[in-house]
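Fold and geometry: a report
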Amino acid sequence: MILVTGANGQLGRRIVDQLVARRGGVAGIAASVRDPARAADLIGRGIVVRQGDFDQPETLADAFAGVDKLVLVSTDGPNDVRIAQHRRAIAAAVAAGVGHILYTSFIDVAADSPADFAAVHRATEADLAASGLPFTALRNPLYADFLPMTVAAARETGSFQLPAGSGRASFISRTELADAMAAAALAPALARQVYELSGQATHDYHDVAAAIARASGKSVRYQPVSEDAYAAALEASSLPRWLARAMANMYSAVAAGKFDRVSNDFAALVGHPPRPLPCLAQELFGSR
Ligand SMILES: NC(=O)c1ccc[n+]([C@@H]2O[C@H](COP(=O)([O-])OP(=O)(O)OC[C@H]3O[C@@H](n4cnc5c(N)ncnc54)[C@H](OP(=O)(O)O)[C@@H]3O)[C@@H](O)[C@H]2O)c1
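Residues numbered from 1 in each chain as written. Predicted model: local features only at pLDDT ≥ 70, side-chain atom pairs only at ≥ 80, totals over all residues. Heavy atoms only, no water.

1. What about the packing of helix H1 (residues 10–23) against helix H8 (residues 174–186)?
At a minimum axis distance of 8 Å, the contact between H1 and H8 shows a crossing angle of 55°. Taken together, the axes of H1 and H8 are oblique relative to one another. For the pair H1 and H8, the crossing hand works out as right-handed. Between H1 and H8, the residues in contact are Gln 10, Leu 11, Arg 14, Ile 15, Gln 18, Leu 19, Arg 22 and Arg 23 and Arg 174, Thr 175, Ala 178, Asp 179, Met 181, Ala 182, Ala 183, Ala 185 and Leu 186, respectively. For the contact of H1 with H8, the class distribution of residues is nine nonpolar, three polar and five charged. (Axes fitted to C-alpha atoms, helices over the stretch in contact; angles between N-to-C directions. Helix = DSSP H or I, 4+ residues; strand = E, 2+ residues; numbered from the N terminus. Parallel < 35°, antiparallel > 145°, perpendicular 65-115°, else oblique. Left-handed = near helix turned anticlockwise from the far one by under 90°. Contact = heavy atoms within 4.5 Å. Nonpolar A, V, L, I, M, F, W, Y, C, P; charged D, E, K, R; others polar.)

2. Considerations on the site of the ligand
Not every one of the 24 residues close to the ligand is listed here, only the nearest: Gly 6, Leu 11, Ser 74, Thr 75 and Arg 82. Between a nitrogen atom of the ligand and a main-chain N or O atom of Phe 54, the distance comes to 2.9 Å. Here the ligand, which alone exposes 880 Å², has 85% of that area covered by the protein. Looking at the shell around the ligand, the elements with two or more residues in it are H1, helix H4 (79–96) and strand S7 (142–143). The class makeup of the residues in the shell around the ligand is ten nonpolar, seven polar and seven charged. (Near = heavy atom within 4 Å. Polar contact = N/O pair within 3.5 Å; in protein donor to acceptor, adjacent residues only side chain to side chain. Areas by Shrake-Rupley, 256 points an atom, 1.4 Å probe, with all protein chains shown as cover.)

Here it is as structure tokens:
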């Protein structure tokens, strides 16, 4: 059985959907969620839904019982909270006799990264290695889905600000990433322990602005700002302080080149490359 955690979340739900689509049915596919009442549609489709909360480790023995492959979707929150949640999930998987964990990691896990997010995923990958269980780290790039929010200011002012300097990154939609993860979970064997699910090209945010401008037909400019100025702006827009700082230092990591990575790993799993930036921009910003 393949079980996906966080199946009420946006990525987790898409992974379940892609597993069903790839397998052509729901047999052998299960989901764990914190609140099964919010998974009525999955239950209605015949998918096994179990209650599992990484903050309530006593729920995880039943949630992970009989699971061959566990797709562990990373949680959200301050670093210490997330690392502890992932650690409890890994310990429960070991105790339940899970055969293999596939973990939704991040493209930036560098020890010298300024990003808080990098520290979480680096710690969880280390915990996976220490667990003794076979595991696969599926390192996600930036979700393309977040681009409209990232550049929202441009709708009013024609420009958006980020502390990304001239750093480069790639973007893939959650749905495409979910397909790559489903493909990895269904593969009889995986060639590598780490898959970097980057796009096949990286772009700086001037390129991103130009792609959005082409798709939308409106002028869009990118203005680099300092990490502190960006964190302060996010905090002023009522983001919690830890998240404002984590978002800001993630873009500092972009500026430092930590997201400037390309690979064919996505295509190796899915059979074709992810959609390039102009396609994503057309879908997200095009005038229909
Ligand atoms: N690459 C990127 O650009 C990017 C951007 C944002 C986030 N992320 C990471 O990717 C993950 C998935 O993204 P998303 O868009 O699907 O976020 P989301 O919709 O907010 O989902 C968050 C997920 O975390 C799960 N979760 C939270 N606390 C948990 C706990 N105590 N025990 C078990 N599960 C818990 C939730 O489980 P339930 O299903 O039970 O609600 C939910 O599925 C995020 O949590 C974050 O780690 C990546």
